[in-house]
Amino acid sequence: MIGMSNRLALRRIILPQAARVSVPPLSNTFISLVKDTSLASLVLVTELFRKAQEIATASGEFMTLYVEAAVIYWVICLFLSSGQSVLERRLDRYVAH
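Presented here is an overview of the structure given in this document. (Residues numbered from 1 in each chain as written. Predicted model: local features only at pLDDT ≥ 70, side-chain atom pairs only at ≥ 80, totals over all residues. Heavy atoms only, no water.)

### Side note on the overall build of the protein chain
Rules: Every helix listed is a DSSP run of H or I at least four residues long, and every strand listed is a run of E at least two residues long, numbered separately from the N terminus. Each residue is assigned to one of three classes by its accessible area relative to the maximum for its type, calculated with a 1.4 Å probe on protein chains only: buried under 20%, partly exposed between the two thresholds, exposed over 50%. In what follows, a contact means two residues having at least one pair of non-hydrogen atoms within 4.5 Å. Each accessible area value is a Shrake-Rupley result obtained with a 1.4 Å probe; residue values ignore everything except the protein chains displayed when judging cover.
Counting its regular elements, the protein chain contains three helices and zero strands. Reading the protein chain from its N end, one meets helices and strands in the order α-α-α. Going through the 97 residues of the protein chain one by one, you find that 19% of them count as buried. Counted over contacts in the protein chain with a minimum sequence separation of 6, partners at least 24 positions apart contribute 51%. Counting only carbon and sulfur atoms, one obtains 64% of the accessible surface of the protein chain, whose full area is about 7,300 Å².

The structure is reproduced here in structure tokens:
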């Protein structure tokens, strides 16, 4: 295969192209899983807001704590989305322009 061994062709040609094509859907699925499921009981919206409600009941500052919980959740999702973008840009170098 183009003067390369099968292993070398797999590493230099096939895997970079396969990764470039498969990373966006896999990343979107991972972000959806984080949004929809409990990842170590930290990220799930209901868990986050339940904890905020427990603290707010004791302190009486409901709106502040709910906004803080929403910001924490938003930052986690933003971090995952930006990581996906960086990975897609790195894999974009394998595309012939």
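Still more to cover.
### A closer look at the side chain of Gln84
Among the secondary structure elements, Gln84 is positioned in helix H3 (residues 62-91). On the accessibility criterion, Gln84 (12% relative accessible area) is buried. Beyond its immediate chain neighbours, meaning those up to four positions away, Gln84 contacts Pro24, Ser27, Asn28 and Ile31.

### Observations concerning a nonpolar patch on the surface
Stated formally: Each patch groups residues whose relative accessible area exceeds 30% and which form no salt bridge, using 9 Å between like charges and 5 Å between nonpolar side chains of Val, Leu, Ile, Met, Phe, Trp and Tyr. Salt bridge, as used here: a side-chain nitrogen of Lys or Arg that lies within 4 Å of a carboxyl oxygen of Asp or Glu.
Taken together, the side chains of Met63, Val67, Val71, Trp74, Val75 and Leu78 make up a nonpolar region of the molecular surface, amounting to roughly 600 Å² of accessible area. Tracing the backbone through its elements, the reader meets Trp74 in helix H3.

### Structural notes on the environment of Met63
Structurally, the position occupied by Met63 is in helix H3. Note on Met63: relative accessible area 62%, which makes it exposed. Considered as a pair, Met63 and Ala52 are 11 residues apart in the sequence and their alpha carbons are 9.6 Å apart.

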